[in-house]
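Summary of structural features
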Amino acid sequence: MRKLSFRFYYISLAIILLITLIISTRVGAVNLTYEKIFAFIGKALRLSNDVEFSRIEEQVFFQIRLPRVILCAFVGAALSVSGALMQALFRNPIVEPGLVGTSSGAALGAAFVFVMGKTITGAYAETIGPYLLPLFAFLGGFLSTIVVYKLSNVFGKTNVNTMILAGIAMNALANGGTGFFSYIARDPQARSITFWNLGTLTGATWEGVYLVGASTVIGILLCLRYGKSLNALLLGEEEAGYLGVNTEKLKRRIIILNTFMVAIATSLVGVIAFLGLIVPHLLRIMKSSDNRFLIIGSALLGAILLNLADMVARVLVAPSEFPIGIITAFVGAPVFLFMLIANSRKQQKGGFYA
Amino acid sequence: MLSVRNLEYRVGKKEILRGITTEFSPGTFHVIVGPNGSGKSTFLKTFSGELKPQHGEVVYDKQDVFSINKTELARKRAVLSQQAELHFPLSVEEIVMMGRYPHFVYKPTPNDHAICSDAMKNMDVEDLIDRDYLTLSGGEKQRVQFARVLAQLSGNGSEFQKYLFLDEAVSHLDLKHQHQLLNIAKAICSQGAVVIAILHDLNLSINYADRIVFMKQGKIVYDLGEGDSITSSIIKDVFDVDARIINPGDGHKPIVVF
């Protein structure tokens, strides 16, 4: 293990995040220049400047590009932090945020709206239509997680193994439901379901940014309090209990925090797989499994990586867009495999990644 | 003083502990022995406050164990289990620092670091400080865990009554480190802690114990204090094994041969 301090990693990641955000606001269907970007920000802050830009460009920046980039950062942070939380809670390296049914439940809720939305809203389609998708996606994600949690909570004690199995069953059930809706859907609806399951940040709005931003920031601040307890939990539930951790309370709170962060993020941008699984592992390989480090580090690194992926999604087939889920999988998986191999060559044999 | 009254613990219909009443006093090295399934570990988990018995009570110096705040309890009571597993890589330093978790809120103080480094020196693991715990051998892991337990019990002043419980903690250790661990436990005991160890080796038990408690089928069946000596009929009754007791004389403890 290397001797660079946690703070070094936080500062480096924060700087990289800032650079990524600035580059990310520049590229897309309409390419902006850095001068213009700084001019927009300067104007918003009421500073004088003499760079020429059009009204359209300004609107692209403030109404489309900026909310999208910021939403992307919050979603990346939320998914990655919840990946770190879930892996620590389940003491299992292959766990990701969707394990307990949150994402597949949200996908089912979304599929329901794509197919039945017009029917259930009827005359009110205009007014409540836009909110229906996030609402049902959130409800789907939240309810399926609650069911999984209740199923695994017998005799007042939460059994982590039962929870993994119940999560797998719930995922199968929800995927079946989503499959059913795809089957009965007309072609454009089925296409919407598919796209939603691959994630998309196209519809980013400032309302979405505020909502996901609030849930993510509050969620991360709250879970920082549990970093120490989650570390102790790595020794096993009994040992954690002997170290003064109320394991039942801890499990309950982590599940609730995770569900809120993932369900809200997923309800707005769809299912983005793999990010929550790999980000904590990348940080473990880089530095440490200390959960206090993983929580802050995952927030920063997740925000960076999802923004990079979204940038690729915008540039690859511009002015059209590529689904971000395909990029996280196609780029994320090889990078992750490469790091695993490189690390196992370097480390002493018998280590976790060796 | 740790008192246990009428302790009963059931899982479904199976009675694991069937009415145990006893007291463990500071400065006495207690050893619990008994065959597999006799309820030793369950007994330890109930009096350490991890399992709530259906009946009976566990009292730490006039305070019921389940009324004590968990963090507060963790500052004075530490448990070393047979082998704590770790599911992700962590440095030895961080594992030992976990012993200080009940003592600090967010960041360890210099005092916490000093206590950890003393604990590691005591268990000969200071050279492993930067190693990944998962790369250690079984014996090294157990010494690191004991260093963690030592750190947990250190440095909160003598006004606290301390409690140290060992649950088959020396099974994985080599001869030297078995004795090292038990000698340190004995030293903590003579400083006035309540020490209770579950051991499997009868000769090791005889060598270290001031009092040996024999358990069988969820009950205490024999309780040998200082002056009482172990007999082959006790071993036959508890373990169903024929054994002979040899007294080497000249101040040595008796030896059990099979």
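Above this text sits the structure in question.
Before going into details, it helps to say that this report is about the structure given with it. (Residues numbered from 1 in each chain as written. Chains lettered and ligands numbered in written order. Predicted model: local features only at pLDDT ≥ 70, side-chain atom pairs only at ≥ 80, totals over all residues.)

1. Examining the interface of chain A and chain B
The line we're drawing: Two residues form a contact once the distance between their C-beta atoms, set from the backbone, is within 7 Å. Under the DSSP-based scheme used, a helix requires at least four consecutive residues in state H or I and a strand at least two consecutive residues in state E, with every element numbered from the N terminus. Residues are grouped as follows: Ala, Val, Leu, Ile, Met, Phe, Trp, Tyr, Cys and Pro are nonpolar; Asp, Glu, Lys and Arg are charged; every other residue, Gly included, is polar.
Across the boundary between the two partners, chain A contributes 22 residues, which contact 25 residues of chain B. When contributions to the side of chain A that touches chain B are tallied by element, the ones reaching two or more residues are α9 (227-233) and α10 (237-242) of chain A. Counting residues per element, the side of chain A that touches chain B draws most heavily on α10 of chain A, which supplies 4 residues. The class makeup of the residues in the side of chain A that touches chain B is 7 nonpolar, 9 polar and 6 charged.

2. What to know about the sheet that holds strand β6 (residues 77-80) of chain B
The pairing of strands in a sheet comes from backbone hydrogen bonds and takes either a parallel or an antiparallel form. Residue and element names in this part refer to chain B. To keep things clear, this is the line we draw: Strand pairing is assigned whenever DSSP identifies at least 2 bridges connecting the two strands. Note on definitions: angles span 0 to 180 degrees between N-to-C directions of axes, and those axes are lines fitted to C-alpha atoms, for helices only across the stretch in contact.
Spatial strand order, β6-β7-β8-β3-β9-β10: 6 strands in an open sheet with mixed pairing. Edge positions in the sheet fall to β6 and β10 (219-224), since each of these pairs with one other strand and no more. Between one strand axis and the next, the sheet turns by 20 degrees as a mean value, whatever way the strands run. The sheet contact formed by strand β3 (residues 29-33) and strand β8 (residues 194-198) spans 4 bridges and is parallel. Residue pairing across strands places His 30 opposite Ile 196, the latter belonging to β8.

3. A word on the packing of helix α2 (residues 34-44) of chain A against helix α3 (residues 55-90) of chain A
Residue and element names in this part refer to chain A. Quick reminder of the rule: Note on angle classes: values under 35 degrees are labelled roughly parallel, values over 145 roughly antiparallel, values of 65 to 115 roughly perpendicular, and the remainder oblique.
Relative to each other, α2 and α3 sit at 75 degrees, their axes nearing to 11 Å. Taken together, α2 and α3 sit at an angle that is classed as roughly perpendicular. Facing α2, whose interface residues are Lys 36, Ile 37 and Phe 40, α3 presents Glu 57, Glu 58, Phe 61 and Phe 62. Tallied by class, residues from the contact of α2 with α3 come to 4 nonpolar, no polar and 3 charged.

4. A look at the sheet that holds strand β4 (residues 55-60) of chain B
Residues and elements named next belong to chain B. An order of β2-β1-β4-β5 is seen for the 4 strands of this open sheet, with the pairing classed as antiparallel. Looking at which strands have only one partner, the edges of the open sheet turn out to be β2 (14-24) and β5 (63-64). As judged from the 5 bridges shared by strand β1 (residues 2-11) and β4, these two strands associate in the antiparallel manner. The residue of β4 that forms the bridge with Ser 3 is Val 59.

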